[in-house]
Amino acid sequence: MNVFSNWTWRWEDVCGPGGLRPWNETTKDFSMCFQELFLHVPVYFIFAISSSYYIGLRRNWVIREKTQERAIMFRSFAVLALVFTPIIQIYVLLTNNKSALVPIDYFSAGACSLCWVAHFSYVLVLKHRLGQSARGPIFQLLLWGVTVILNVIALRSNIISGESLSFEVANLCFHAVYFLTLLPSSDSRPTYYSQCLVGSQHRHNEYTPLLPGIDEDVLGTAMQDANIFSKIAFCWVNPLLKKGYENKLNDLEELFDLPPQYRCSYVGARIDRALIGNVDNYQQFAEVPHEPFIGSGYGATGETRPENISTPVTPTSRVLVRPQRRQNVSLLRALHTCFGFQFYAIGLLKLVSDMAGFAGPMLLNKLVIFVEDTSIDQHMGYLYALTLLGVTLTSMIFNVHFNWLMSVIGIKMRGAIVSTVLRKTLSVTSTELTARFSVGEVTNFMSTDTDRIVNSCPSFHALWSIPLQLTITLFLLYQQVGVSFLAGVAFSVVLIPVNKAIANKIGELSTELMRHKDARVSLVGELLRGIRAVKLHVWEDYFIERISVARSSEMRYLRARKYLDAVCVVLWATTPVLVAALTLGTHALRGIDLDAPTVFTTVALINMLISPLNAFPWVLNGLTEAWVSIKRIQKLLDLPDSDFESYFDRLNTNKDEDKVLIFKNATFSWAKPSVRPKPAKEKKNKGKSTKKLSKRQHADTTSEAQSTEPFCLQDISLEVGKEELLGVAGPGGSGKTSFLLAIVGEMIKKRGDIQIPEYINSFGYVSQEPWLIRGTIRDNILFGRPYDEAKFKAVVDACALTEDLNTLGWGAWVGAGGCTLSGGQRARVALARAVYADKQVYLLDDALAGVDARVAEHVLRRCVLGLLRHTARVLVAHSPRPLARAHRVVLLRDGRVQAVGPPEAVMNEVEEFLTSEAESVGEEPTPPPPPPPQVPEMAGSVNADGDNLDTVSRHSLDNDESMSEGTIGWWVLALYLRAVGGFMSVAIFLSLVLMQLSQNFTFLWLTFWVNNRQKNSTGVDNIHDTPIDSVHENATILDHGFNAADALVHTVVNGVLDFFSDNNSVPVQPINKTIDQTIDTKLGLEAPAYSNNYYLEMYFVLALVNVLFTIMRAFLFAYGGVKAADKIHKKLLRVIVKAEVKFFDTTPTGRILNRFSSDTYTVDDSLPFILNIFLAQTFSLLGAVILTVYGIPWLLVGVLPMAVIYYRVQRLYRVTSRQLKRLQSVALSPVYAHFNDTLEGLATIRGLGAQDTWACRGEEGVARWQRAALCGAAAAQWLALRLQAPAALALAAAAALAALQRATHAADPGLVGLAISYALSLTSALGNVLNSFTETEREMIAVERVGEYITQVECESVDGEWPPYGWPAHGVVSFDDVVLRYNSRGEPALRGVSFTTHAGERLGVVGRTGAGKSSLLRALARLTPPAAGRVIVDGVDVATLHLHALRSRIGVIPQDPFIFSGSVRENVDPLRQYSEAELWRALEACGAAGAVRAAGGLDAPAPPLSRGHHQLLCLTRALLQRPKILLVDEATAAVDAETERAVLACARGAFAGCTVLWVAHRPAAALDCARVLVLAAGRVLALAAPDAALADPTHPLTRLLHPEREADA
């Protein structure tokens, strides 16, 4: 440490020859050095900081009077003069040879100018804010007064010393002007104007003030009224970031409005016109003979037209041979037409940015040569630094705006493509769409494929930019090292096919990965759909194992892909080092000496070369994927549109004026499914459904599902009158639903005619399964139509919804698919929607099946026979009651009309397959819900539609998915690190440190090599020939001051290096050669020299060490990421499967599924990828900063303030970015939900003729997402500009300092080259680090979302005692004063229920909706534990038993059968407990053996079977289990008569001796029981035998089964 002891501080180097003397006794005055250093400079800095604070203080907005504005204007001129006064003074003194300047003079002048620049901005701010006083805050006035006093003191000192007084007097004059501007009175008035109005040129008396309550935080339209500077610097984004920093971005309405030309509706209309193109080019006409339109007898049936009667008006007519299609132009050409000019023009920005980027290495070369060659004029160094700043800023600005405009065009293009896909989906018949695409494929068109097309836009520009960059870079490399560049380029070229092969393999693995991911997500979806059945059957472990097997297959491909990614990381990270080593090594082996300009220019060019070479294969892949996606979407666009004109013939109103619908020998067919390979999906599916589109014919018949040929309606001849009620009946699979869909136009017309009048273009279609959307009941009924109060109430009353709406509230919400309503309510809301649409023809597909007798009678009388009496109605029914009211009944069988006639003539043939009473027992409006503070949580019942009102809160659907706020918690990071593993995390960190150290030291070694070459090439004699004094021949006082400070910094650094160096190692040379070092060299104290071979060998060794550490880091990271993904998924799966049932009741299935799809994909792939990039770039940035400061230590002065700036910028951006990311996620969910709703309700939408309204609704959702995406892109470019601008200044500062060091003879060319070559990368490195950090933080949201479920979801408590052996032996069930609540604050669903069954008794449970029937079964199976009371089975309280032991001994037959993907064997015996013979015996007993054999046996897939057969498979499960207690939850409510008879027969025979609790909707099931339990409002009304109860007219069971008797009474 001797080097420290030899150094002393010299004030002479700062203050001049006199040194620092605070007080001069001779003149009795402060010395000028003391005044400047300890008085002027501190006050200036405080004044500047204070002014900057008030500049950013946006409060106390005012409108100034004209006098005050003029005063402020003159004040600003005075301050501006004070800015330039010290600069002019320094310039004058420099040109005056008589004046001698010292370093403190420069420092004081700079501080003074900086202070007044900040104050100038502050004065401008005073024009609009900072209070009513135009003088400004008192603190500012005090500081200004202090500066005036110091100026007077300096003037006195100059007078005493005899120095020039002109500049001090000028300063006082400007201060006098400043004082005069403070004199006008302060009578400004505060304002409530918006900030944008305050800055206008209008006076406050020219308009009326806004109200104080107006929200001034409304951002308005993006870029509206922004000037050109604001657009260039993205200043218009500042209000958005301010709101984000204040955590006010909690809703999409808080963001900028979308400019009209960016909206989905606008760009969708543009591309729609472009797709249609010039119609004349695509239409073909032909002249055909005109058919007569008036005949003999005006169209009487069977008459022929005489030849002399009726001639056509014209002999021929022009008929379309090839009619206009909606899409005549390809998608690619349409996109080119809409966005081509803007897209190609943006390329000019990239061209300018790329060309400016090449100036950096060239200027680096010139600068290093300048530092080496002292004969070059000093001014050239400063010119190089200034030019470097200019080209860097130019490249930065053009690149930022290229990225911004590409983001904008991507947002517009995405909106156009999504709009096109949506509208095309609505225009294609469901049969065509079903036959060729699945739901997953169609959804991928608007997600994955659209992403690929949009993301390929930058790749297109990269396609021409990369070859251009490569060509220029190679030419410049050739100029530097000659043919030596071929060695490094050859290695890089070899990497291109390697990268291409790796990319292809990764693509293949991604395809398989996505296929297995889809399979896993599909399994999870099935699990969630049937979670209650899974828990009742104790199949949790089975499904965990099954999903885990699928996950294992997925992980196998994920692991392989991650290891290939690690190979790519190794190539990307080591390529710069290896290419530089090969190039420079070849250059050295050729015997050419390496000098600093060549080495560091080559390194800089190689860094520019690597990125394009690595990116090129991915660019090609991206363009290839985009081309594939365009062709995939083109296949959708090539589907034929539904042609209303060609499908329907116009009815001859003269001949059939009383008809609205005529079939003439018409044959209709469903499209034959096309055989297509499994779709390749390389990208994440964001939680979208992967189920197949449900074909309409599957709803009709089992034979349709099993047959190889599509179902057909054959030779239909039928007429429907204008006001006729036509009933349609037939057995299951006869084609009733297909008949209605044929009328709608959803089937393919093979031959014959279907005629309708010209005024009909849509129908009032009500599907068999009601289709509702998320929203209010009113929204579902209006369906985009204007609200008419009188009409709305009439429709609601006719559909028996008045009491329901009074109970639920007229603004009640409907969950997805109507999950908050009972089945009957869903059917009535769907009917009300069709009635409100005011159609002439109504198609009602079993619309009365889910309601009870009283409600069905009301709807039939008030709606079908009331409001709709003047319309044509086609009613499909299974009940004789509505068919008896029809004018005619059509009997269908096997797709043919078997009989048509009055009901009394056809009913005899119909009765054989009609149900005993199709209406359910006892549906009635729900009791009023509790007040809002006591609303129970959503809790679904075992069935899907009967007793939902027992358990589902009607108001729980009002809220969207919750959105986290603030930063990502440390617990999230801890959760992920625990999943990675503590040891693995430490190993990854160490590998990153070692990799970066080895890489930095490799390039530092080049500096030592270059310095050694220079020392070896400079002889000692030459040094002796140079006088010591000549080294500083032209040195000034400034040079001495700079040398003193420079020597201090470098002495410290060199001392540290000496301390850590080893005597046996290569000596580390001091950084700079100062005067003392030169003297030491003259005395012979120089370090030993080594040969070039030694340095070359060490260089290659260091490069190989870097490769080794890079490989270690890449593969450790890949292994840790895969391990974390596997562990987190296992935890999530186990928690969800074991969760309490109330969690699934209150949480939408789609939301849970998103955790297993989108969020899991992020944890699997996206998060490790971006986290790897973030860590690597962070360490790379640290290494670059350290080496830059090492080379030019004076940069450390600027690095610290720049770090503060970066910290503030990133803090401001990160908060906003997180909120924008969350808003984008929240906005994207409704888009996918809307599209899924579109695919599920396609027939209903098209039947109602609401395609345009529905498409506009979808486009509005896309526009909301576009709004968030535009703000996110703007914020990202705002950040990029503010990160790269200071980095460009730092680069220019490094160059200027290098030139300044050269002027003071303190510059080392090697270190200067090293520092500036790394400074060149700082511009992008700083932005990359913050971008990757922000993106990592955004991706960590997925871990947060998954972690919330892992840590917060409550699991069922399964612990308990095991039951006695053989329990239950008798099956006696006893409820003892049971109270059951779904929410601790809610009303009980069961209120003191007490009853006891007999051993082996079949007990029916009936009651109206909300009576508590399903709650009874939930209490017994402990799906919801009772709040009070006990449930006892054979003397054992079930609350004390082990949960799985209890449920495994209870059989369950649900209303909605749970059938998952798999074979029949897997569905009836998933645990493989029974032999094949036992399975067949059970299937025979349940009546399902025939259907299973027809399908292909036990190994045939179960889902294609009909709904009735699904129910029989559930019955088979219960039969195989042989339970002593069987729970049947309305198992015959939604099946045909044949299935109902099979279930009842099996219950009588196979389950004889079992205690059966039968929740019944139909009379047949209830009356077949030994006793019937009647419930109402959670209480027991009666428990009696059916015969005894029906004998008493006042008995609750009698009133429930025969409500008309009560009404008559």
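No experiment lies behind these values; they were computed from the predicted model shown. (Residues numbered from 1 in each chain as written. Predicted model: local features only at pLDDT ≥ 70, side-chain atom pairs only at ≥ 80, totals over all residues. Heavy atoms only, no water.)

K.L.:
Talk me through the overall build of the protein; I want residue IDs and the actual numbers.
P.N.:
From N to C terminus, the protein includes 56 helices and 28 strands. Expressed as a percentage of the 1609 residues in the protein, the buried residues total 55%. Intrachain contacts of the protein at a sequence separation of at least 6 include 84% that bridge at least 24 residues. (Helix = DSSP H or I, 4+ residues; strand = E, 2+ residues; numbered from the N terminus. Buried < 20%, exposed > 50% of the residue type's maximum accessible area, 1.4 Å probe, protein only. Contact = heavy atoms within 4.5 Å.)

K.L.:
Could you give an account of the sheet that holds strand E21 (residues 1402-1407), naming the residues involved and the relevant values?
P.N.:
Adjacent strands of a sheet form backbone hydrogen bonds with each other and so pair up, either parallel or antiparallel. In space, the six strands of this open sheet follow the order E24-E25-E26-E21-E27-E28, with mixed pairing throughout. Edge positions in the sheet fall to strand E24 (1450-1453) and strand E28 (1579-1584), since each of these pairs with one other strand and no more. Each strand of the sheet is rotated relative to its neighbour by a mean of 20°, with strand direction disregarded. Bridge count for E21 against strand E26 (residues 1555-1559) is four bridges, and the pairing is parallel. Residue pairing across strands places arginine 1402 opposite valine 1556, the latter belonging to E26. Set on the sheet, helix H46 (residues 1413-1421) makes contact with E21, E24, strand E25 (1525-1529), E26 and strand E27 (1571-1576); between it and E25 the angle comes to about 150°. On top of the sheet, helix H51 (residues 1507-1521) reaches E24 and E25; it is set at about 170° to E24, its chief contact. (Pairing = 2+ DSSP bridges. Axes fitted to C-alpha atoms, helices over the stretch in contact; angles between N-to-C directions.)

K.L.:
Could you give an account of the packing of aromatic side chains, with specific residues and numbers?
P.N.:
Within the structure shown, the criterion is met by 37 aromatic pairs. Seen from their ring centres, tyrosine 647 and phenylalanine 668 are 6.1 Å apart, and the 40° between their planes marks the pair as tilted. Here tyrosine 647 is found in helix H22 (residues 644-647), whereas its partner phenylalanine 668 is found in strand E8 (residues 659-669), with 21 residues between them in sequence. Ring pairing ties together the aromatic residues Tyr647, Phe648, Phe663, Phe668, Phe739 and Phe763, which thus form one cluster. One residue, arginine 75, lies across the ring of tyrosine 178, its end atom 5.7 Å from the ring centre. Between arginine 270 and the ring centre of phenylalanine 339, over which it is positioned, the NZ or CZ distance is 5.8 Å. (Phe/Tyr/Trp six-rings, centres within 6.5 Å; stacked < 30°, edge-to-face > 60°. Lys NZ or Arg CZ within 6 Å of the ring centre and 35° of its normal.)

K.L.:
Tell me about the environment of threonine 221, residues and numbers included.
P.N.:
Among the structural elements, threonine 221 can be located in the loop between helix H8 (195-198) and helix H9 (228-233). For threonine 221, a relative accessible area of 24% corresponds to the partly exposed category. Put simply, threonine 221 and leucine 258 are 37 residues apart on the chain and 6.0 Å apart in space, counted from C-alpha to C-alpha. If we skip the residues at most four places from it in the chain, threonine 221 touches Phe256, Asp257, Leu258 and Pro259.

K.L.:
Can you lay out helix H3 (residues 32-55) for me, pointing to particular residues and giving the numbers?
P.N.:
With 24 residues, H3 extends 32 Å from end C-alpha to end C-alpha; this agrees with the ideal 34 Å at 1.5 Å per step. Approximately 35° is the largest bend angle found in H3, and it occurs at histidine 40, with the proline proline 42 only one to four residues beyond. (Expected span 1.5 Å × (residues − 1). Bend = angle between axes of the 7 residues up to and from the residue.)

K.L.:
I'd like to hear about the nonpolar core, residue by residue, with values.
P.N.:
Among the nonpolar cores identified, the biggest contains 165 residues, and Trp236, Leu240, Leu255, Trp404, Tyr976, Ile1136 and Ile1316 are the most heavily contacted of them. No other element matches helix H44 (residues 1251-1303), which puts 21 residues into this core. Counting 97 residues, the second largest nonpolar core, distinct from the first, contains Val421, Val796, Ala800 and Val906. (Core = buried A, V, L, I, M, F, W, Y, C linked by side-chain atoms within 4.5 Å.)

K.L.:
Give me helix H4 (residues 66-95): which residues, what numbers.
P.N.:
For H4, with 30 residues, the first-to-last C-alpha span of 44 Å sits near the 44 Å given by 1.5 Å per residue. Phenylalanine 84 marks the point of greatest bend in H4, at about 25°, and the proline proline 86 comes within the next four residues.

K.L.:
Provide a residue-level description of the environment of arginine 896, including the pertinent values.
P.N.:
Residue position: arginine 896 is located in strand E18 (residues 896-901). Once the C-alpha coordinates of arginine 896 and cysteine 712 are considered, the two residues, 184 residues apart in sequence, prove to be 8.8 Å apart. Setting aside chain neighbours within four positions, we find arginine 896 in contact with Gln714, Asp715 and Leu891. Engagement of the side chain of arginine 896 in a polar contact is seen with the side chain of aspartate 715, the distance being 3.4 Å. (Polar contact = N/O pair within 3.5 Å; in protein donor to acceptor, adjacent residues only side chain to side chain.)

K.L.:
Please give an account of the side chain of aspartate 1164 that cites residues and values.
P.N.:
Position of aspartate 1164 among the secondary structure elements: in helix H41 (residues 1158-1191). A relative accessible area of 5% means that aspartate 1164 is categorised as buried. In this structure the side chain of aspartate 1164 is engaged in a polar contact, spanning 2.8 Å, whose partner is the side chain of arginine 551. Setting aside residues no more than four positions away along its own chain, aspartate 1164 makes contact with Arg551, Glu554, Leu558, Lys562 and Ala1125.

K.L.:
Tell me about the pairing of E18, residues and numbers included.
P.N.:
Two strands pair when backbone bridges link them, and strand E17 (residues 888-893) and E18 are joined in this way by five bridges, in the antiparallel orientation. The partner of leucine 892 across the bridge, within E18, is valine 897. Adjacent in sequence and paired antiparallel, E17 and E18 are bridged by two residues, among which aspartate 894 carries a positive phi angle near 55°.

K.L.:
An account of the sheet that holds strand E7 (residues 649-650) is needed here, citing residue identities and associated values.
P.N.:
A sheet is described by the order of its strands in space; here four strands give the open sequence E7-E11-E8-E9, paired in mixed fashion. Each having just a single partner strand, E7 and strand E9 (712-721) make up the two edges of the open sheet. Two elements, E7 and strand E11 (residues 748-756), share two bridges in a ladder whose sense is parallel. Following the sheet pairing, arginine 650 is matched in E11 by isoleucine 756.

K.L.:
Describe unusual backbone geometry, listing the residues and the values that go with them.
P.N.:
That bond from tryptophan 1367 to proline 1368 is cis: its omega, -5°, falls within 30 degrees of zero. For proline 1368, the location among the structural elements is in the loop between helix H45 (1309-1352) and strand E19 (1373-1380). At arginine 1422, a position not held by glycine, the phi torsion is positive, near 60°. Tracing the chain through its elements places arginine 1422 in the loop between H46 and strand E22 (1428-1433). Even without being glycine, arginine 1472 reaches a positive phi, approximately 55°. By secondary structure assignment, the location of arginine 1472 is in the loop between helix H48 (1464-1468) and helix H49 (1476-1486). A relative accessible area of 55% means that arginine 1472 is categorised as exposed.

K.L.:
So, a positive patch on the surface: which residues are in play, and what are the values?
P.N.:
A contiguous patch of positive charge on the surface is contributed by Arg978, Lys1123, Lys1127 and Lys1131. Locating lysine 1123 in the fold gives a position in helix H38 (residues 1092-1137). Since its relative accessible area comes to 33%, lysine 1123 is described here as partly exposed. (Patch = residues over 30% accessible without salt bridge, like charges linked within 9 Å, V, L, I, M, F, W, Y side chains within 5 Å. Areas by Shrake-Rupley, 256 points an atom, 1.4 Å probe, with all protein chains shown as cover. Salt bridge = Lys/Arg side-chain N within 4 Å of Asp/Glu carboxyl O. Lys, Arg positive; Asp, Glu negative; His and termini not counted. Charge placed at Lys NZ, Arg CZ, Asp CG, Glu CD.)

K.L.:
Requested: an account of the packing of helix H6 (residues 138-161) against helix H7 (residues 166-180), with residues and values cited.
P.N.:
At a closest axis distance of 10 Å, the pairing of H6 and H7 adopts a crossing angle of 155°. Overall, the two elements H6 and H7 adopt an arrangement that is roughly antiparallel. As for the relative orientation of H6 and H7, their crossing is left-handed in sense. From H6, Trp144, Thr147, Val148, Asn151, Val152, Ala154, Leu155 and Asn158 reach across to H7, where they touch Glu168, Val169, Asn171, Leu172, His175, Tyr178 and Phe179. Across the contact of H6 with H7, the residue classes break down as nine nonpolar, five polar and one charged. (Parallel < 35°, antiparallel > 145°, perpendicular 65-115°, else oblique. Left-handed = near helix turned anticlockwise from the far one by under 90°. Nonpolar A, V, L, I, M, F, W, Y, C, P; charged D, E, K, R; others polar.)

K.L.:
Quick rundown of the pairing of E17? Include the residues and the values.
P.N.:
Bridge count between strand E10 (residues 725-729) and E17: four bridges; the pairing is parallel. Its bridge partner lying in E17, alanine 729 is registered against leucine 891.

K.L.:
Any chance you could break down the pattern of salt bridges for me, citing the residues and the numbers?
P.N.:
All told, the structure shown has 41 salt bridges when counted by the stated rule. Glutamate 554 is paired through a salt bridge with arginine 551; the nearest N and O atoms lie 3.4 Å apart. Here the residue glutamate 554 and the residue arginine 551 both occupy positions in helix H20 (residues 540-589), the gap between them amounting to three residues, near one helical turn. Using a relative accessible area of 2% as the deciding quantity, one classes glutamate 554 as buried. Judged by its relative accessible area of 3%, arginine 551 falls in the buried class. The salt bridge partner of aspartate 1159 is arginine 1345, with a shortest N-O separation of 2.9 Å.

K.L.:
If you had to explain a nonpolar patch on the surface to someone new, which residues and values would you point to?
P.N.:
Taken together, Leu80, Phe84, Ile87, Ile88, Tyr91 and Val92 make up a surface patch of nonpolar side chains, about 560 Å² in accessible area. When its relative accessible area of 44% is taken as the criterion, phenylalanine 84 is described as partly exposed.

K.L.:
Quick one: what's the story with the environment of leucine 1443, residue by residue and with numbers?
P.N.:
On the secondary structure map, leucine 1443 appears in helix H47 (residues 1443-1448). C-alpha of leucine 1443 to C-alpha of tryptophan 1362: the two residues are 81 residues apart in sequence and 9.0 Å apart in space. Beyond its immediate stretch of four places on either side in the chain, leucine 1443 contacts Glu1356, Ser1357, Val1358, Ala1421 and Arg1422.

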